[in-house]
Amino acid sequence: MSKNVLHVPRELRRGGKAKNEQASIESGLRLIQLMTRNLNVSDLGSSSVLDMGCGCKLVQAILNHDLPVNRYAGIDVFPDLIKFLQSSVHDSRFSFHVQNTQNEMYNPRGEPLGPATRLPVEEGSFDIICLFSVFTHLAPHDYSAMLQMLRRYIKPTGKIIYSLYIHETTKSGLGFMDGYAESLNKHMEQSNQTREKFLEGMKNNKTPDFWDFDPTRPLWGAIYSREYALGLVQNSGWEVESLNDPEPDIQHYMICRPV
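What counts, and at which threshold
Residues numbered from 1 in each chain as written. Predicted model: local features only at pLDDT ≥ 70, side-chain atom pairs only at ≥ 80, totals over all residues. Heavy atoms only, no water. Helix = DSSP H or I, 4+ residues; strand = E, 2+ residues; numbered from the N terminus. Buried < 20%, exposed > 50% of the residue type's maximum accessible area, 1.4 Å probe, protein only. Contact = heavy atoms within 4.5 Å. Areas by Shrake-Rupley, 256 points an atom, 1.4 Å probe, with all protein chains shown as cover. Polar contact = N/O pair within 3.5 Å; in protein donor to acceptor, adjacent residues only side chain to side chain. Phe/Tyr/Trp six-rings, centres within 6.5 Å; stacked < 30°, edge-to-face > 60°. Lys NZ or Arg CZ within 6 Å of the ring centre and 35° of its normal. Pairing = 2+ DSSP bridges. Right-handed = clockwise from strand over helix to strand, strands pointing away. Expected span 1.5 Å × (residues − 1).

1. Remarks on the overall build of the chain
Consideration 1: When helices and strands are tallied, the chain shows seven helices and nine strands.
Consideration 2: Counting all 259 residues of the chain, 53% fall into the buried class.
Consideration 3: Put simply, of all contacts in the chain between residues at least 6 apart along the chain, 66% involve residues at least 24 apart.
Consideration 4: Surface accessibility of the chain: about 12400 Å² in total, with carbon and sulfur atoms responsible for 46%.

If you want it as structure tokens, here you go:
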């Protein structure tokens, strides 16, 4: 274990496991294991990683468990968290940056995202770009713009991995509607009628390409059909390597390589 244990104040932690810091860190460990397994590397020791919408669980997992990483850049719209990480992490491998990108859920007054949006990191310098619980809150126009923008920051041999909500039932029984909808339903407020129409459509194989799960909380759950999610990758500078079923710590997740 590293002697430089990083604790993040509760008010700076977001996400489903934010109340339990140790559970959040353990989730980060499992996501790192998922990345290395799917990207065919033993660890991140030789990889430069760009973590978009970084939060804190990956950096805590790396530091608190003394995991190898060549370089890690974390970018988030949450300035208080980034300021905390900048002042608390004293390791030259790590850098943290605020990106004032507009998002209806997390940063409604930010600047619109577009293919030409610039990040405060070097282009073409990352082996891995990861986005966990980011595309789950993106509308279709930002889904496409995010992919096009990030294409400039990947190395020719690099990969991008991102989680998303796909409304389908999987063989493992962990599809969105039977695995994640239960937790989302607890937060539903006034969209029950919309939800019933959606569920009826699922029974008849007539699901929409995109569905904002709870209109009273814009983009709290951005749900895509499989075909639409795959189609949005086309003409973005990426090609799909795999669209994978959910696992206990992640929704469906996509892995793409640059073209």
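2. Digging into the side chain of K159
Consideration 1: Mapping K159 onto the fold places it in strand β5 (residues 154-166).
Consideration 2: Here E241 takes part through its side chain, which lies 2.9 Å from a polar atom of the side chain of K159.
Consideration 3: Discounting chain neighbours no more than four positions away, the residues touching K159 are L39, D127, I128, I129, I154, W238, E241, I255, C256 and R257.

3. Quick look at the packing of aromatic side chains
Consideration 1: Throughout the structure, instances matching the rule amount to 10 aromatic pairs.
Consideration 2: Ring geometry for F94 versus F96: centroids 6.3 Å apart, planes at 15°, classification stacked.
Consideration 3: Here Y143 and Y224 contribute two aromatic rings whose centre-to-centre distance is 5.1 Å and whose plane-to-plane angle is 55°, an arrangement assigned as tilted. Here Y143, found in helix α4 (residues 140-151), pairs with Y224, found in strand β7 (residues 222-224); they are 81 residues apart in sequence, far enough to count as distant.
Consideration 4: Judged by relative accessible area, Y143 falls into the buried class, the value being 0%.
Consideration 5: In this structure, R14 packs its charged tip against the face of F78, placed 3.9 Å from the ring centre.
Consideration 6: A cation over a ring is seen here: R71 above F126, with NZ or CZ 4.4 Å from the ring centre.

4. Overview of the pairing of β5
Consideration 1: The element β5 is extensively covered by neighbouring structure, given that 10 of its 13 residues are classed as buried.
Consideration 2: Here five bridges tie strand β4 (residues 126-131) to β5, and the two strands are oriented parallel to one another. By the bridge assignment, I128 is partnered in β5 with K159.
Consideration 3: In this fold, β4 hands off to α4, which returns the chain to β5; that crossover is right-handed.

5. Some points on helix α1 (residues 21-38)
Consideration 1: Taking 1.5 Å of rise per residue, 18 residues should cover 26 Å, and α1 covers 26 Å from first to last C-alpha, within 8% of that figure.
Consideration 2: In terms of burial, α1 is a largely internal element, 13 of the 18 residues being buried.
Consideration 3: Here α1 starts with a cap whose side-chain oxygen sits 3.2 Å from the backbone nitrogen of Q22, and that cap is N20.
Consideration 4: Remark: N40 follows α1 within two positions and exhibits a positive phi of approximately 60°.

Honestly, that's just the spatial picture; any functional story needs more than this.
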